[in-house]
Number of protein chains: 2
Amino acid sequence: MNFTIDREVLLENLNVISRGLPSKSPMPILTGIKLDVTNTDLYMTSSNTDISVETFVSDASLKVIKPGKTVVPGRFFIDIVRKINSKQINLCLIDDKILEIKADRGEYKLHIMDPLDYPNIDFVSLENPLSLPAEQVKNLIKQTSFATATSEKKPILTGVHLTLDGTKLTATATDSFRLSQSILEIENYRPFSITIPNKSLDELAKAIDNFNEAITLYFSSNKLLVKFKNVLFQTRLLDGNYPDTSRLIPTSFPIILKFNKDELLEAIERVSLLSPREKMSSNELSYSIIKLSVSKEQNIIISTTNASIGDALEELIPIDTQMNKPITIGFSSRYLIEALRSFESTEIALNCSEGIRPFVVTGEKDPNLTQLILPVRMD
Amino acid sequence: MNFTIDREVLLENLNVISRGLPSKSPMPILTGIKLDVTNTDLYMTSSNTDISVETFVSDASLKVIKPGKTVVPGRFFIDIVRKINSKQINLCLIDDKILEIKADRGEYKLHIMDPLDYPNIDFVSLENPLSLPAEQVKNLIKQTSFATATSEKKPILTGVHLTLDGTKLTATATDSFRLSQSILEIENYRPFSITIPNKSLDELAKAIDNFNEAITLYFSSNKLLVKFKNVLFQTRLLDGNYPDTSRLIPTSFPIILKFNKDELLEAIERVSLLSPREKMSSNELSYSIIKLSVSKEQNIIISTTNASIGDALEELIPIDTQMNKPITIGFSSRYLIEALRSFESTEIALNCSEGIRPFVVTGEKDPNLTQLILPVRMD
């Protein structure tokens with residue numbers, strides 16, 4: 001193997017490859033990046049078993065002197081290419097033992113691994129594509145992935161559930177205490193119902209961060225392959241049945257409070273400075289519980305009481321209220337803060353029922369987005 | 001106590017006060033900020049026993065309704081004032097138990113502590129000031145403090161040593177493996193020799209970050225008081241004799257290599273990506289050791305060998321060389337990187353002796369700055 005390529009082209013591809021590269025692995029070979037250069041093209045592959053990434057480079061700057069394959073220590077290779085200043089980089093395999101990286105007056109020699117030891121990555125075949133604008137996919141991830149469970153107690157909840165019914169693509173995430181749902185109208189495609197690991201969606205969002213055209217999706221029974229530019233990004237899917245959440249979202253609300261989103265956000269952030277930290281379940285993060293009360297006179301108060309520090313109280317003036325009787329609900333400030341941040345709208349509504357029933361956040365400019373939060377009992 | 005003040009004025013002063021505020025303390029009262037408002041002025045005090053800070057506010061926006069004293073939970077108070085959006089803030093003591101903070105439609109009540117429990121801070125008397133431009137003090141700190149010891153084995157080395165001899169103010173820091181020395185020509189003042197804890201200098205640098213006029217220094221046997229704007233910043237001094245470092249810095253060098261600083265820095269950063277991590281002493285951080293060789297032909301090579309990963313090598317073209325014979329020196333890349341970053345100069349010189357003798361970094365535009373590094377044996 002011996003070839004020269006523009007550093008910028010190589011680095012741009014390595015940045016995508018890094019999304020699939022584990023820093024540690026029970027299979028040491030996977031901490032390497034597989035390079036495979038033919039007479040005309042360079043293929044690079046990374047895999048952490050959950051995610052596999054392949055990029056295909058046939059850039060004009062690629063000059064192949066001798067084709068070949070190798071596996072190079074991934075993090076070191078990326079760090080070196082990142083730190084190099086030169087326009088061009090030459091990569092040359094020496095005695096099938098060392099990859100020599102030459103750039104300007106720098107010379108780096110990395111011990112390589114045997115490409116025959118690299119597992120064969122079985123990418124889903126490129127048939128029956130579903131095409132989606134990258135922008136919408138990024139939005140779907142941003143609006144739902146934060147609500148997935150972090151605990152592994154119910155593994156299926158650590159993923160985002162994606163279903164297609166006709167032209168209605170629904171993304172759902174829940175950690176049992178809150179639920180995010182975003183619906184996209186798309187072209188007609190065969191129905192599916194899959195659950196994608198949240199970690200894979202995070203990496204996918206980073207990989208397509210600067211990409212704004214259409215991406216194509218390919219499905220198999222246990223894998224999803226996303227293709228964009230010269231990249232194949234594949235993730236395994238989560239096994240098991242995703243719970244039926246269709247009946248969790250209430251449809252009628254006796255109380256609707258409309259706010260300016262930023263005013264509500266800031267008031268909650270200030271009040272939660274003083275809220276006591278409580279655990280909602282044994283191995284989750286701690287949460288600050290705050291209280292929202294609407295009086296008969298329709299005064300809206302967000303407050304918290306912290307026995308050891310003191311009290312906080314913010315009065316809010318809503319844009320509009322519909323209500324039949326006073327209510328008080330308690331909830332995790334973090335849940336409402338994260339829900340509010342997922343909206344583009346400047347005007348949002350809290351849609352509440354009485355008692356310990358979930359309330360729903362909606363936004364006038366986000367008709368397809370629903371954020372549901374389960375209140376906690378305030379005694 | 002009851003007064004109103006512009007939020008921005010209060011926050012600006014609290015940002016300075018926060019430099020002396022411990023997050024935890026064996027004396028819980030010290031996690032509070034002491035507020036003392038007279039008919040015309042507001043005093044605020046914080047102390048972590050090493051550092052004490054007092055600010056004196058007599059801003060036009062200060063409207064005192066009732067004078068008084070209290071001690072308020074420091075971090076919560078600062079966080080609330082930081083998050084508040086309103087132009088004005090009202091602070092009112094209720095029943096000598098609660099400080100009520102009112103801003104727009106927000107109301108925060110903090111349990112206060114007894115101001116009689118707050119220790120009396122004994123500030124050095126404001127006599128015999130030494131005046132120095134803030135810019136020069138910041139520079140002095142930036143050029144030396146990174147070289148102090150982090151280990152407490154020799155406590156005196158965790159500080160920066162400051163001596164005045166006539167008009168020559170010398171700042172010295174060393175962790176036994178390297179030494180930084182910066183010299184300032186100042187107005188005549190009585191001689192002194194003190195060692196200031198590095199942590200205090202870090203906080204001082206942050207406190208005066210936006211201040212560019214003269215600051216005044218006041219000395220006592222075990223304390224240093226720095227006055228700037230409306231702020232008193234006091235630190236304890238380190239006990240004990242600072243080692244005599246005057247004869248450590250060699251004065252003649254058979255080998256002088258001049259480089260473009262950025263080229264040298266980048267080459268070292270790249271090579272150190274592959275350098276093995278070694279410990280130079282039992283409880284210090286780990287260091288990457290790299291090698292610099294000058295051949296008979298005056299080729300300069302920076303390199304490292306890492307048995308498990310590979311080798312790195314950068315050739316450098318010096319601006320100028322004076323040498324009598326080839327040398328090879330090994331050293332911690334971190335030490336040289338930190339030393340180089342302390343220079344304003346674009347052209348720097350490595351001044352070397354033969355064998356395992358310290359080498360000295362100097363810069364053409366920093367005549368008063370010396371960075372000395374002890375090489376390690378390369379076998």
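Residues numbered from 1 in each chain as written. Chains lettered and ligands numbered in written order. Predicted model: local features only at pLDDT ≥ 70, side-chain atom pairs only at ≥ 80, totals over all residues. Heavy atoms only, no water.

(A) Examining the overall build of chain A more closely. For chain A, the helix and strand inventory stands at 6 helices and 27 strands. Once the C-alpha set of chain A is aligned to its principal axes, its extents read approximately 80 × 50 × 35 Å. The proportion of buried residues among the 379 residues of chain A is 55%. Partitioning the contacts of chain A with sequence separation of at least 6, the portion at a separation of at least 24 is 66%. Accessible surface computed for chain A: about 17,200 Å², of which carbon and sulfur atoms make up 47%. Averaging the positions of the 42 positive and the 48 negative side-chain charges in chain A gives two centres separated by 3 Å. (Helix = DSSP H or I, 4+ residues; strand = E, 2+ residues; numbered from the N terminus. Buried < 20%, exposed > 50% of the residue type's maximum accessible area, 1.4 Å probe, protein only. Contact = heavy atoms within 4.5 Å. Areas by Shrake-Rupley, 256 points an atom, 1.4 Å probe, with all protein chains shown as cover. Lys, Arg positive; Asp, Glu negative; His and termini not counted. Charge placed at Lys NZ, Arg CZ, Asp CG, Glu CD.)

(B) Representation of unusual backbone geometry within the structure. The phi angle at A:Asp95 is positive, at roughly 55°, despite the residue not being glycine. The residue A:Asp95 is located in the loop between β7 (88-94) and β8 (98-103) in this model. You can call A:Asp95 exposed: its relative accessible area is 68%. Phi at B:Ser176 is positive, roughly 85°, even though this residue is not glycine. Judged by relative accessible area, B:Ser176 falls into the partly exposed class, the value being 37%.

(C) A look at the sheet that holds strand β15 (residues 214-219) of chain A. Residues and elements named next belong to chain A. Taken in spatial order, the 8 strands of this open sheet run β6-β2-β3-β4-β17-β16-β15-β10, and their pairing is antiparallel. With one partner strand each, in any of the chains shown, β6 (68-73) and β10 (130-133) form the two edges of the open sheet. Taking the axes of each pair of neighbouring strands and ignoring which way they run, one obtains an average angle of 20° across the sheet. Bridge count between β10 and β15: 4 bridges; the pairing is antiparallel. Paired with Pro-133 across the bridge in β15 is Ala-214. With respect to the sheet, helix α4 (residues 198-207) is in contact with β4 (51-57), β16 (223-228) and β17 (231-236), its orientation differing from that of β17 by roughly 170°. (Pairing = 2+ DSSP bridges. Axes fitted to C-alpha atoms, helices over the stretch in contact; angles between N-to-C directions.)

(D) Up close: the side chain of A:Ser61. Residue and element names in this part refer to chain A. Mapped onto the elements of the fold, Ser-61 is located in the loop between β4 and β5 (63-66). Residue classification places Ser-61 among the buried residues on the basis of a relative accessible area of 10%. Reaching out from Ser-61, the side chain makes a polar contact with the backbone nitrogen of Asp-6 at a distance of 3.0 Å. Those residues in contact with Ser-61 that lie beyond four places of it in its chain are Thr-4, Ile-5, Asp-6, Val-9 and Gln-88. (Polar contact = N/O pair within 3.5 Å; in protein donor to acceptor, adjacent residues only side chain to side chain.)

(E) Summary view of the relation of the copies chain B and chain A. Laying chain B over chain A is done by rotating through 180° and shifting 0.0 Å along the axis; what remains is an RMSD of 0.0 Å. Such a combination of rotation and displacement between the chain copies is what one expects of a two-fold axis. Looking at the interface residues of chain B, 100% of them are also at the interface in chain A, so both copies use one shared face. (Least-squares fit on C-alpha atoms with pLDDT ≥ 70 in both.)

(F) Expanded view of the interface of chain B and chain A. Every contact between the two is made by 31 residues of chain B and, on the other side, 31 residues of chain A. Together chain B and chain A conceal approximately 2,900 Å² of surface at their shared face, both sides included; 56% is due to carbon and sulfur atoms. At the junction of chain B with chain A, the criterion picks out 2 salt bridges. One salt bridge in this structure joins A:Glu269 and B:Lys83, with 3.5 Å as the shortest N-O distance. At the boundary of chain B and chain A, one finds 18 residue pairs in polar contact (both at pLDDT 80 or more). Those elements that place two or more of their residues in the side of chain B that touches chain A are α2 (74-83), β9 (106-111), α5 (261-272) and β22 (310-316) of chain B. Considered class by class, the residues forming the side of chain B that touches chain A number 13 nonpolar, 6 polar and 12 charged. Where strand β22 (residues 310-316) of chain A and β9(B) come together, 5 bridges link them in antiparallel fashion. Bridge pairing links A:Leu313 to B:Glu107 in β9(B). (Buried area = accessible area lost by both parts, 1.4 Å probe. Salt bridge = Lys/Arg side-chain N within 4 Å of Asp/Glu carboxyl O. Nonpolar A, V, L, I, M, F, W, Y, C, P; charged D, E, K, R; others polar.)

(G) Spatial organisation of the side chain of B:Asp175. Residue and element names in this part refer to chain B. With respect to the helices, strands and loops of the structure, Asp-175 is situated in the loop between β12 (168-174) and β13 (178-185). The exposure class assigned to Asp-175 is buried, which follows from its relative accessible area of 5%. A polar atom in the side chain of Asp-175 sits 3.1 Å from the side chain of Arg-178. A polar side-chain atom of Asp-175 sits 3.1 Å from a polar atom in the side chain of Tyr-335. Residue contacts for Asp-175: discarding those within four places in its chain leaves Ala-147, Thr-148, Ala-149, Leu-157 and Tyr-335.

(H) Here's a closer look at the nonpolar core. Among the nonpolar cores identified, the biggest contains 103 residues, and A:Phe77 and A:Phe228 are the most heavily contacted of them. For this core, the element with the highest residue contribution is helix α1 (residues 7-17) of chain A, accounting for 6 residues. Here A:Phe228 is in contact with A:Val16, A:Leu204, A:Ala207, A:Ile208, A:Phe211, A:Ile215 and A:Phe233, once residues within four sequence places are set aside. Among the nonpolar cores identified, the runner-up in size contains 102 residues, and A:Phe259, A:Ile348, B:Phe77 and B:Leu237 belong to it. (Core = buried A, V, L, I, M, F, W, Y, C linked by side-chain atoms within 4.5 Å.)

(I) Just the confidence of the model for chain A, in detail. Averaged over every residue, the pLDDT of chain A is 94; residues scoring 70 or more account for 97%. Predicted complex, confidence summary: ipTM 0.88, pTM 0.91. (pLDDT = per-residue confidence, 0-100.)

(J) Summary view of the sheet that holds strand β25 (residues 347-352) of chain A. Residue and element names in this part refer to chain A. Strand order in the open sheet formed by 9 strands is β14-β11-β12-β13-β27-β26-β25-β18-β23, and the pairing between neighbours is antiparallel. Of all strands in the sheet, those bounded by a partner on one side alone are β14 (192-197) and β23 (320-322). Neighbour-to-neighbour, the strand axes of this sheet turn through a mean angle of 20°, independent of strand direction. Strand direction decides the pairing type here: strand β13 (residues 178-185) and strand β27 (residues 366-373), joined by 5 bridges, are antiparallel. Opposite Ser-182, over in β27, you have Leu-369 as the bridge partner. Helix-sheet contacts for helix α5 (residues 261-272) involve β18 (255-260) and β25, and the interaxial angle to β18 is about 95°.

(K) Representation of the packing of aromatic side chains. Residues and elements named next belong to chain A. This structure, assessed with the given rule, holds 12 aromatic pairs over all chains. Here Phe-211 and Phe-228 contribute two aromatic rings whose centre-to-centre distance is 5.6 Å and whose plane-to-plane angle is 45°, an arrangement assigned as tilted. Taken together, the residues Phe-211 in the loop between α4 and β15 and Phe-228 in strand β16 connect sequence positions 17 residues apart. Like Phe-228, Phe-211 is buried. With 5.4 Å between their ring centres and 65° between their planes, Phe-331 and Phe-359 make a pair best called edge-to-face. Residue Phe-331 is found in strand β24 (residues 327-332), and its partner Phe-359 is found in strand β26 (residues 359-363); the two are separated by 28 residues along the sequence. By the burial criterion, Phe-331 is buried, and Phe-359 matches it. Here a set of aromatic residues connected by ring pairs shows up, and it is made of Tyr-189, Phe-192 and Phe-219. (Phe/Tyr/Trp six-rings, centres within 6.5 Å; stacked < 30°, edge-to-face > 60°.)

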